[in-house]
Amino acid sequence: MGSTVEQNILVTGGAGFIGTHTVVQLLKEGFKVSIIDNLDNSVIEAVDRVRELVGPDLSNKLEFNLGDLRNKGDIEKLFSKQRFDAVIHFAGLKAVGESVGNPRRYFDNNLVGTINLYETMAKYCKSRKTGPIIQMVFSSSATVYGQPEKIPCVEDFELKAMNPYGRTKLFLEEIARDIHAAEPEWRIVLLRYFNPVGAHESGRIGEDPKGIPNNLMPYIQQVAVGRLPELNVYGHDYPTEDGSAVRDYIHVMDLADGHIAALRKLFADPKIGCTAYNLGTGRGTSVLEMVAAFEKASGKKIPIKLCPRRAGDATAVYASTERAEKELGWKAKYGVDEMCRDQWNWANNNPWGYQKKP
Ligand code: NAD
Ligand code: WQD
């Protein structure tokens, strides 16, 4: 189902993990896409592979701009030469541990970058008289639920952040709500991702963290290809069935489709206001279950070491998906077996990610 009029979408952080997968789906759905990315946590090779995946015709609808949201001039350059129907805002730093050690970097990048973007959107959308609507999809995170007292997490739970990274997401959600309250011409969808994993089924694009991964699935993947010797399982005494912590893992292609659903909602619903949606599967999976699923998908043994709990980790977090299903008409299609299959396909074909073996 392509869009009838070709709509032009600005994707910040489009060279990154979730960005590349979403850009593939946007192009396939008939949107024109401009990426702005400073390649702080990504490589241009990822964008080249997006082009390869969609083929030459759709690739002509994709423009890459090297730029940093902290420099207003970089954003102005884009808005001064073209009109955007909506912005999908992925660009941001996301490493929880790093944010604890260097909060200024996180506040500068995530907050200043986003405020620059909003200022430019407001200036150009109004001055160009493109209609009174300013449309925006923002990457929020399940981190805004902190350690939830109840599960599943419902969008109207009280929000709290546990670390500087989480606070940037919480502040940016609040900023979006304040802007919408003052200027109702803004339509904003806040998407709270749970734990994005997996890769495009082609095995050509996937997650490629720099350095030692912090997150579970990239870590397991690097053990499977022999880059790391074993997985530390953080916590085996949680009050869960097998003692390990439970999360809501979601296939990145489901997430990508969630962005298309969010855009369509923005375009269609004048009453959308500023609304948050969980993007998860609604199912919890433990660390040990995830290891077993990956072993099954890859045929590789993942050696594990049972370790103490990681500071700040919650016992169990998973999403209520009711609002997204009802209002966006979106529901995750894939389960953990498909997530592990596609993650392994990416890892097996690209054991060093986008880099060559050092
Ligand atoms: P990623 O690091 O792979 O992608 C982010 C991209 O933004 C990178 O390509 C990076 O170079 C770019 N970027 C960062 N700062 C920039 C700036 N100032 N100007 C221009 N480009 C900049 O991360 P991802 O996993 O694709 O995450 C995308 C978004 O989703 C982030 O905002 C992240 O906080 C959020 N999120 C991610 C997860 C997750 O586990 N992956 C979960 C919840 C929310
Ligand atoms: C999952 C489980 C770990 C690594 C983080 C951010 C959150 C969001 C998603 C951006 C936990 C365990 C992990 C390892 C392990 N990101 N684990 N060994 O912590 O749920 O969420 O990513 O918004 O903000 O905090 O994801 O993948 O790090 O951990 O045992 O080597 O795997 O303890 O129980 P998390 P994760």
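Remember, predicted model here, so these are calculated numbers, not experimental data. (Residues numbered from 1 in each chain as written. Chains lettered and ligands numbered in written order. Predicted model: local features only at pLDDT ≥ 70, side-chain atom pairs only at ≥ 80, totals over all residues. Heavy atoms only, no water.)

Turning our attention to the pattern of salt bridges. One pass over the structure, following the stated rule, counts 23 salt bridges. Note that Arg204 and Glu52 form a salt bridge whose closest N and O atoms lie 2.7 Å from each other. Of the two residues, Arg204 is situated in the loop between strand E7 (195-197) and helix H7 (216-224) and Glu52 in helix H2 (residues 44-59); the sequence distance between them amounts to 152 residues. Among the residues examined, Arg204 registers a relative accessible area of 30% and is labelled partly exposed. Using a relative accessible area of 44% as the deciding quantity, one classes Glu52 as partly exposed. (Salt bridge = Lys/Arg side-chain N within 4 Å of Asp/Glu carboxyl O. Helix = DSSP H or I, 4+ residues; strand = E, 2+ residues; numbered from the N terminus. Buried < 20%, exposed > 50% of the residue type's maximum accessible area, 1.4 Å probe, protein only.)

Strand order across the open sheet formed by 7 strands is E3-E2-E1-E4-E5-E6-E11, with parallel pairing between neighbours. Two strands close off the open sheet at either side, each with one partner strand: strand E3 (62-66) and strand E11 (274-279). Across the sheet, the axes of successive neighbouring strands diverge by a mean angle of 20°, strand direction being ignored. Bridging between strand E2 (residues 32-37) and E3 involves 5 bridges; their strand directions are parallel. Note that in E3 the partner of Val33 across the bridge is Leu62. In the packing of helix H1 (residues 17-28) onto the sheet, contacts are made with strand E1 (8-12), E2, E3, strand E4 (86-89) and strand E6 (186-193), and the angle to E2 comes to roughly 165°. (Pairing = 2+ DSSP bridges. Axes fitted to C-alpha atoms, helices over the stretch in contact; angles between N-to-C directions. Contact = heavy atoms within 4.5 Å.)

This next bit is on the site of ligand 1. Inspection of the region around ligand 1 gives 27 residues, with Asp37, Asn41, Ser42, Lys94 and Tyr165 positioned closest. Here an oxygen atom of ligand 1 and a backbone polar atom of Gly16 are 3.3 Å apart. The backbone of Ile18 places a nitrogen or oxygen atom 2.8 Å from an oxygen atom of ligand 1. Considering ligand 1 on its own, with 820 Å² of exposed area, one finds that the protein chains cover 95% of that surface. The element best represented in the shell around ligand 1 is strand E5 (residues 134-141), accounting for 3 residues. Here the residues of the shell around ligand 1 are counted per class, giving 11 nonpolar, 11 polar and 5 charged. (Near = heavy atom within 4 Å. Polar contact = N/O pair within 3.5 Å; in protein donor to acceptor, adjacent residues only side chain to side chain. Areas by Shrake-Rupley, 256 points an atom, 1.4 Å probe, with all protein chains shown as cover. Nonpolar A, V, L, I, M, F, W, Y, C, P; charged D, E, K, R; others polar.)

This paragraph deals with the site of ligand 2. Around ligand 2, a shell composed of 19 residues is seen, among which Ser141, Tyr165, Asn232, Arg247 and Asp313 lie nearest. Within the side chain of Ser141, an N or O atom sits 2.7 Å from an oxygen atom of ligand 2. Measuring from an oxygen atom of ligand 2, one finds a side-chain N or O atom of Arg310 at 2.8 Å. For ligand 2, the accessible surface in isolation is 680 Å², of which the surrounding protein chains cover 88%. When the residues that make up the shell around ligand 2 are grouped by side-chain class, the tally is 10 nonpolar, 6 polar and 3 charged.

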